[in-house]
Amino acid sequence: MSSKPTSSSPIKSTGLHVGEIKPGVAKKDPILIADGVRRQFGGLVAVDVDHVEIPRNAITALIGPNGAGKTTFFNLLTGFDQPNEGKWSFNGKSLAKVSAFRVARRGLIRTFQLTKALGLLTVMDNMKLGSTEQSGEKLSASLFPFLWTKKETEIEAKATEILQRFKLDTKKDDFAASLSGGQRKLLEMARALMTDPELVMLDEPMAGVNPALTESLLEHILGLKAQGMTVLFVEHDMHMVRHIADWVIVMAEGRVVAEGAPDEVMKNPAVIDAYLGSHQDVDLGTVTGRITLPKISKEK
Amino acid sequence: MDILGIFLSSASFILAPTTIAYALATLGLALHFGYGGLLNMGMAGFMALGAYGYAIGVLTFGLPWYFAAFVGIAASIVFALILGIPTLRLRGDYLAIVTIAAAEIVRLMLLSSAFGGVTGSADGLSGFNGPGGTVTNPTVGAGGFNEGNPIPEGVYGFVPFLDNERTWYLRIVGILILAIAIFVVWRLVNSPWGRVIKGIREDEDAVRSLGKNVFAYKLQVLIIGGVLGALGGLMLAFATNVNSSVYVTSLTFFLWTALLLGGAATVFGPLAGSIIFWVLQAFLGLLFPALASVGLMPFTTIQAAQIKFIIVGFALVLLVVFRPQGLFGNKKELTFVK
Amino acid sequence: MRTNSTVQPRVSRFISALGAFVLAFGVLALGTPAHADVVNAELPFKISGNVQNKGVGIPAVSISMTGPAGFVATVLTDADGKYTVGVPEKLADYTVTVDEMTLPDGVAVIDNPATEFVEASVQTVTVGPGGRTTMNFFIGQGERKTTSIFDQVVQRLISGINFGLMLALASVGLSLIYGTTGISNFAHAELVTFGAVATYGLVALMGGDLLWLAIILALVLSAALGWGQDAALWAPLRRRGMGLVQLMIVSIGLSLGVRYLYQFFIGGSTEQLPGSDAERFALFGSVTLSAIDIASMSISVILIMLFALWLNRSKVGKATRAISDNPGLAASSGIDVDGVVRIVWIIGSVLAGFSGILWAYFRPGIRWDMGGQILLLIFAATTLGGLGTAYGALVGSLIVGILVESSSLVIPSDLKYVGALVVLIGILLFRPQGILGRKERVG
Ligand SMILES: Nc1ncnc2c1ncn2[C@@H]1O[C@H](COP(=O)(O)OP(=O)(O)O)[C@@H](O)[C@H]1O
Ligand SMILES: [Mg+2]
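Being a predicted model, the structure only gives us computed values, none of them experimental.

Glancing now at the overall build of chain A. For chain A, the count of helices and strands is 11 helices and 10 strands. Counting across all 300 residues of chain A, residues that qualify as buried make up 54%. Entry remark: accessible area of chain A is about 12,600 Å², with carbon and sulfur atoms responsible for 53%.

When its domains are assigned, chain A resolves into domain 1 (17-117 + 197-291) and domain 2 (120-178). Here the C-alpha centroids of domain 1 of chain A and domain 2 of chain A sit 30 Å apart.

Now for the pattern of salt bridges. For the coordinates displayed, the defined rule picks out 31 salt bridges over all chains. In this structure, Arg-39 of chain A and Asp-81 of chain A form a salt bridge, with 3.0 Å as the shortest nitrogen-oxygen distance. Here Arg-39 of chain A, found in strand 1 (residues 30-41), pairs with Asp-81 of chain A, found in the loop between helix 1 (70-77) and strand 4 (85-90); they are 42 residues apart in sequence, far enough to count as distant. For the residue pair Arg-39 of chain A and Asp-81 of chain A, the accessibility class agrees, reading buried in each case. Three or more residues joined by partner-sharing salt bridges are found here, namely Lys-128, Glu-152 and Glu-156 of chain A together with Arg-195 of chain B.

The next point concerns the sheet that holds strand 7 (residues 199-203) of chain A. Residue and element names in this part refer to chain A. What the 6 strands build is an open sheet, ordered 6-7-8-3-9-10; its pairing is mixed. Each end of this open sheet is capped by a strand with a single partner; those strands are strand 6 (108-110) and strand 10 (255-260). Across the sheet, the mean angle separating the axes of adjacent strands is 20° when strand polarity is ignored. Here 4 bridges tie strand 3 (residues 59-63) to strand 9 (residues 247-252), and the two strands are oriented parallel to one another.

Moving on to the packing of helix 4 (residues 65-87) of chain B against helix 10 (residues 214-239) of chain B. All names here are of chain B. Orientation of helix 4 relative to helix 10, taken along the N-to-C sense of each, is 145°, at an axis distance of 8 Å. Crossing handedness for the pair helix 4 and helix 10: right-handed. For the pair helix 4 and helix 10, contact is made by Trp-65, Ala-69, Gly-72, Ile-73, Ser-76, Ile-77, Ala-80, Leu-81, Gly-84 and Ile-85 and by Phe-215, Leu-219, Leu-222, Ile-223, Gly-226, Val-227, Ala-230, Leu-231, Leu-234 and Phe-238, respectively. The class makeup of the residues in the contact of helix 4 with helix 10 is 16 nonpolar, 4 polar and no charged.

Right, let's talk about the environment of Gly-313 of chain B for a bit. Structurally, the position occupied by Gly-313 of chain B is in helix 13 (residues 301-322). When the C-alpha atoms of Gly-313 of chain B and Phe-254 of chain B are compared, they prove to be 8.6 Å apart, with 59 residues separating the residues in sequence. Setting aside anything within four residues of it in sequence, one finds Gly-313 of chain B in contact with Gly-253, Leu-254, Leu-256 and Gly-257 of chain C.

Moving on to the interface of chain C and chain B. Each partner contributes to the interface: chain C provides 62 residues, whereas chain B provides 65 residues. Between chain C and chain B the total buried area reaches about 6,000 Å² when both faces are included, carbon and sulfur atoms providing 75% of it. There are 0 salt bridges connecting chain C and chain B. At the boundary of chain C with chain B, the tally comes to 4 residue pairs in polar contact (both at pLDDT 80 or more). Tallying contributions element by element places helix 5 (residues 244-266) of chain C first for the side of chain C that touches chain B, with 17 residues. A per-class count over the side of chain C that touches chain B returns 42 nonpolar, 12 polar and 8 charged.

It is worth spelling out the environment of Leu-211 of chain C at this point. Within the secondary structure, Leu-211 of chain C is located in helix 4 (residues 211-239). Measuring from C-alpha to C-alpha, the distance between Leu-211 of chain C and Thr-199 of chain C comes to 7.9 Å, with 12 residues separating the pair along the chain.

Within the protein, Thr-71 of chain A (OG1) and Gln-113 of chain A (OE1) serve as the donor atoms for the magnesium ion (ligand 2), at 2.0 to 2.2 Å. In this pair, Thr-71 of chain A is assigned in helix 1 and Gln-113 of chain A in the loop between strand 6 and helix 3 (123-130), connecting sequence segments 42 residues apart.

The next point concerns a positive patch on the surface. A contiguous patch of positive charge, built from Lys-93, Arg-102, Arg-105 and Arg-106 of chain A, is present on the exposed surface. With respect to the helices and strands, the residue Arg-102 of chain A is situated in helix 2 (residues 100-105).

Residues and elements named next belong to chain C. Parsing chain C into structural domains produces domain 1 (4-31 + 151-430) and domain 2 (38-146). Across the contact, 11 residues belong to domain 1 and 11 residues belong to domain 2. Where domain 1 abuts domain 2, roughly 820 Å² becomes buried across the two surfaces, and 48% of that area is made up of carbon and sulfur atoms. At the surface where domain 1 touches domain 2, the tally comes to 1 residue pair in polar contact (both at pLDDT 80 or more). Within the side of domain 1 that touches domain 2, the residues separate by chemical class into 2 nonpolar, 5 polar and 4 charged.

Moving on, we get to the sheet that holds strand 4 of chain A. All names here are of chain A. Reading across the sheet, the 4 strands line up as 2-1-4-5 and stay open at both edges, with antiparallel pairing between neighbours. Across the chains shown, the open sheet's two edge strands, defined by having one partner strand only, are strand 2 (44-55) and strand 5 (93-94). Direction of pairing for strand 1 relative to strand 2: antiparallel, over a ladder of 10 bridges. Residue pairing in the sheet places Asp-35 in a bridge with His-51 of strand 2. Contacts from helix 1 reach strand 1, strand 2 and strand 4 within the one sheet, and its direction differs from that of strand 1 by about 115°.

Let us look at the environment of Leu-217 of chain A. Residue and element names in this part refer to chain A. Take Leu-217: it is sitting in helix 7 (residues 211-226). For Leu-217, a relative accessible area of 1% gives the class buried. Counting along the chain gives 31 residues from Leu-217 to Leu-186, while the straight-line C-alpha distance between them is 7.4 Å. With residues up to four places along the chain from it excluded, the contact list for Leu-217 reads Leu-186, Met-189, Pro-205, Met-206 and Val-209.

Calculation rules
- Throughout this document, residue positions are counted from 1 along each chain, in the order its sequence is written.
- For this description, chains carry letters from A and ligands carry numbers from 1, given in the order in which they are written.
- Totals for whole chains, interfaces and linings use every residue, but because this is a predicted model, local features are given only for residues with pLDDT of at least 70 and side-chain atom pairs only at 80 or more, for both listing and counting.
- Water and hydrogen atoms were dropped before computing side-chain values, which therefore reflect all heavy atoms in the structure.
- For helices the rule is a DSSP run of H or I covering at least 4 residues; for strands it is a run of E covering at least 2, with both sets numbered from the N terminus onward.
- In this scheme, a residue with accessible area under 20% of its type's maximum is buried, one over 50% is exposed, and one in between is partly exposed, where area comes from a 1.4 Å probe on protein chains only.
- Here the Shrake-Rupley method, with its probe set to 1.4 Å, supplies the accessible areas, and only the displayed protein chains count as covering residues.
- Segmentation of the chain into domains, including their bounds, is taken from an automatic or database domain assignment.
- Basic side-chain nitrogens of Lys or Arg form a salt bridge, by our definition, when they fall within 4 Å of a carboxyl oxygen of Asp or Glu.
- At least two DSSP bridges between two strands are needed for those strands to be called paired.
- With axes taken as lines fitted to C-alpha atoms, and helix axes fitted only over the stretch in contact, angles between N-to-C directions fall between 0 and 180 degrees.
- Left-handed describes a crossing whose near helix is turned anticlockwise from the far helix by less than a right angle; the clockwise case is right-handed.
- Should any heavy atoms of two residues lie within 4.5 Å, those residues are considered in contact.
- By the convention adopted, Pro, Cys, Tyr, Trp, Phe, Met, Ile, Leu, Val and Ala count as nonpolar, Lys, Arg, Asp and Glu as charged, and the other residues, Gly among them, as polar.
- Buried area adds together the accessible area that both of two parts lose upon being put together, with accessible area traced by a 1.4 Å probe.
- N or O atoms closer than or at 3.5 Å make up a polar contact, with two conditions inside protein: a donor-capable atom paired with an acceptor-capable one, and, for residues adjacent in sequence, both atoms drawn from side chains.
- The donor definition counts N, O and S atoms within 2.8 Å of each metal and applies 3.2 Å to Na, K and Ca; water is not among these atoms, so some sites may look incomplete.
- Patches here: salt-bridge-free residues with over 30% relative accessible area, like charges joined within 9 Å, nonpolar side chains (Val, Leu, Ile, Met, Phe, Trp, Tyr) joined within 5 Å.
- When charges are tallied, Lys and Arg are placed among the positive residues and Asp and Glu among the negative ones, while His and the ends of the chain are skipped.
- All charge positions are set by atom: Lys at NZ, Arg at CZ, Asp at CG, Glu at CD.

Following this line, the structure appears as C-alpha cells:
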C-alpha cells in the first residue's frame, strides 16, 4: 500500500474502503473509528459524526468550510475536549474518557491550527520535549544527571536528524519565538515526529506557510506515509489535497457529508453544496483556498 | 545625620535572616512562575503555614524544633495539594485569584479567635524558639530552634555583621538551607524535568499533546515551590515571633517585586532580588526619615518612612514595563516577552 | 507521582479537599482558647471585659457593640468569659449588649452596681483618652430580654443587600474593564479608596455642609483618574501588546504604590465622613436602619439602573458589549476600541469611587487600605457572576454581600470573609465561567 514519494506525482494508495462509497463507509484496515460523536456548544451542534473510519497507512484529508467542526472533531478525538455522546477507538481500543496526554502516549499525536511552538524554548529543546523515552523527565530522576545524560545525547542525535530533514538544523539554538510562522508549523510537525507516532493529525499544517515551504511540507507528509505512519490532515487548498491525499472526508455543519478518493469527491454535489451554497459557477479550487469564506463562522 | 550608620545598617541586610527568608520564598515563586508559569499570588499563605506549623509543633505538640519544622513543611504540602488538585486545571489568571483567596483564608483563620487557643489569634505566637520558654510558662518552647545552637555565647564577626551567637546560628542555618535550595532548583530546571515545566509555561496544551502529564508536573511544581515558601516562613519564625499580620497579601506582592527585580526565570535572581529589595528598603527607610528630621525633606518622619513602600510599588510597574526579564534575566528573552 | 487527571469527579474532590481543610483547622480548634476572644484587633482602641457568674467566667456569650459612625461588632467570650473588641475611635460612647439568648438557661444579666442603667444587658461605655476601657457583666437569676431569630435574619439581610449593592458598584466596573481589556485589575481597590479619600479631602477643604458637592467633585476626580490612568498607562501598554500576566503584575505594582501613597497623605488612622453617625431608627422588632443606609441603597440602585440603561441602549454601551464578546470582530467591524475602552475606564472609576464613599459609611471609616480590604470580595463577586459580564457582577455582588453579612449568624464574625472566599474558590472549580458567563473555546 505504501509507496516511495516523488514530488511530481506521488503514488496514491487505493482500495482503502469496503463496499459502496458513502459517508461513513467501512475501511479495510481502519486505525481510528468514530461512532456517533456529538458535541454541542449551547444550541450549536458543532460536531455530529454518525460514523467515520480512518484508513491505516494512508493520507486522509479532512476538508470542509470554516466552522464545519473539523478542529472541534480533532479536539474530541485527541482528548482535548469531551463529546456529549459517542464512542471512538484507536487501534481497536476505546479512547472515551482517556485524557489528552494518554491519547498521545498511545501514538495518536496532533498539531494545532494555531501553532503552538514553545516560544521561549530553543528549537532543540522543543524537539527534545517530543521524545517519550527520557526518564530524566521524572522528578525523582531529574536530580541525578548520570541517569539521563546518555539518553539525552541519543535524543539530541535523533532531533538533529529530523531537524535536518525539515531544514531547521541551523536554527537549533534559537528561541522558537524567533522563527517565522511557516517555520513554526514545520517545527511543530517535526516535534510531533519525535514521539514516533502511529497516527499524525495535522490541523491546517499549510496555513500561513509560504509557497516555497509548502512544497517541502507536502514532501514531509508523503514521507510520513512512506515510513509507515498514518496521516489525517485538515486543509483548505483543494489542489494540495488532490496532490497528496489518498482519501478525502468532507465535513459540513458538523456532519460527514461525503467521502471518497480526491478526484471523485470533488464532483459530489453534496460537497459543492457544502462549500458554495448557491454560487455553483465558481471553481472549487480557488474558492476553497486560503480566503476565509465570508460569514460562515468566526474563527478565533 | 549619620550617613555611615545608615549605609552600614542597610548593608547588614545583605545577610539578614529576613533577606534569606525572602530569598527562599522568592526562589519558590521563581519555580512557580518563572519556570512553571504558575501565577501563585498566595505565597504568603505557604510562608504562614511553614511558620505557624513550626510554632504550633513546638508549643502545642511539644515537638523538638526539627520535627516541628517538618510539621510546617508538611502543612505547606497539604496546602499545595488542596489548592492544586482542584485548581491547576484552571486558566492562569484564575489560579492567581484562587491562590490569593486561599492565602487570605489561611491568614483569616490564623487571626480568628475561633482557633485562638492554638494560633494565638491576633497576638500571634511567641516563645517557641526556646530555650527556657517564657517566664509564665517555662516548659513552653523547650526544644525550640535555639536549643540546637552549638555556637558558644558571645559576639562575633565584623561591622556590619557584628552579631551574637544566636543571630550567627540563624544566619548559618539559613545560608545552608538557601544554598541547598538553590542547588536543587538549579539541578531541577536544567534537567529534562525542567524542560517539561518550561514547556508547560509556554503552552500546556502543546506539552499535553506530546504525551506529558501536565497536571502532575504542575502539581509537583506547586508543591516544591510551596515547600520553598514554607522554608522562608520557617526562617522568619526562627528569627522572631509569628503573627498573622505579617502574612498579608502585600508580603506576596513584595516577593513578586524581589522576583522580578532579580529575574523570574533565573536561579540566582531570587537571591539577588531579595538582597537588593531589602538593602534598598532599609536604606530608603533610614535615609528619608533622617533627611526629614534634619529638614531636608518637607515631610514628617513618619511620612518619610512610608515613601519606600510607594517606591516599591512603582518600581514593580517600571520593572515589568521596561525590564521584564529582571536585572539578571536573559536579555535575548526580552525581545519575545509579551 | 503521576496522578490520574480525569477519574474522580470534581464534586467529591472539592468536598474532600474542603473536608481536609476544615478538619485541619478543627484539630487546631480543639485546644481551649487561653487568650481573650478578640475581634477588630487591627483597630487602634479597645473595649474589653468579662461575663461572670459569681466570679466564674461564662464562655461563648455573644456580645455586640455599636458605636459612633455606625460602628458594629460582635464577639464571643472565650473559655474564661473574657472578650476584647477593637474600636475605631476614642473619646466616644459605645453601647455594649449581651445577647441573653446565649447565656446558660435560667440566668440573665443583673444590675452592675457601678452603673445606673435599668436594662442591665445593655450598657453604655465611654472610651477615654487612654483608648482602653473595661465593661464587665454580672450574671444571676433573672428575666432575660431576647432578640428574635427572625429579626436577626432580617437585619443581616438588609445589611447584606446594602453591602452587596456597594460591592456591585465596584465590581461592574472591574468586570467591564476585564471584559474589554482582559486586565485583572488589582488596582481597582485603589479606585474604591480614592472616592472616599477624595471626598474626605474635599470635605476638609470646604466644610461638612457641602458634603454633596464634595461627593460630586470626588466623582469628577475619580473620572479624571480613570481617564488619566488609561491614557498614561494602560493604553500605551495595550499598544505595545503586553501580555495579560504582565498587565496584571503592573496593576499589582500600581495598587501597592498608590495604596501607600494614600497612607502617606492621610496616615494610618481611621477617619470619618460627616453624617456617618446618623441616628438609627427602629423599623420593627429590633430591626434598625439609618437614613444613610436608605440613601446608600437607593442611590446604588439608581446608579446601577442608569448603568444598565447605558450598557443596553447607548451606542458606546453596545460597543462595549461587542468588544467584550469578541474584540477582534469588534475592531474589524469599525468600532473604535481604544475610545470605548477609555470610556469604560472612566465609568468604572466613577462607580468604584462612589462605592468607596458608600464603603466609608458602611464600614464605617476611611482608611488608606480600605479598598484593599474588599478587593477580594470584589473579585469574588465578579468571578461568581462570570468574569467580564456586567450583569453577572451585579448578581455576584448581591450574593457575596448577603453571604458575608448573614454568615456571622452561624460562624464567628471574624471569619465572615472566609465564607465568601471559599465560595469564590468553589465557583471557580465548578463553573469557571461564572453564573452568567460563557465557556471559552478550547484548542
Ligand atoms: N469552545 C467553543 N465554544 C463555542 N463554540 C465553539 C467552540 N469551539 C468551536 N465552536 C464553534 O463550533 C463550530 C465549529 O468550529 P471549528 O471546529 O473550529 O470549525 P473548523 O475547524 O471546521 O473551521 C464553529 O461554529 C465554532 O464557532
Ligand atoms: Mg479549524
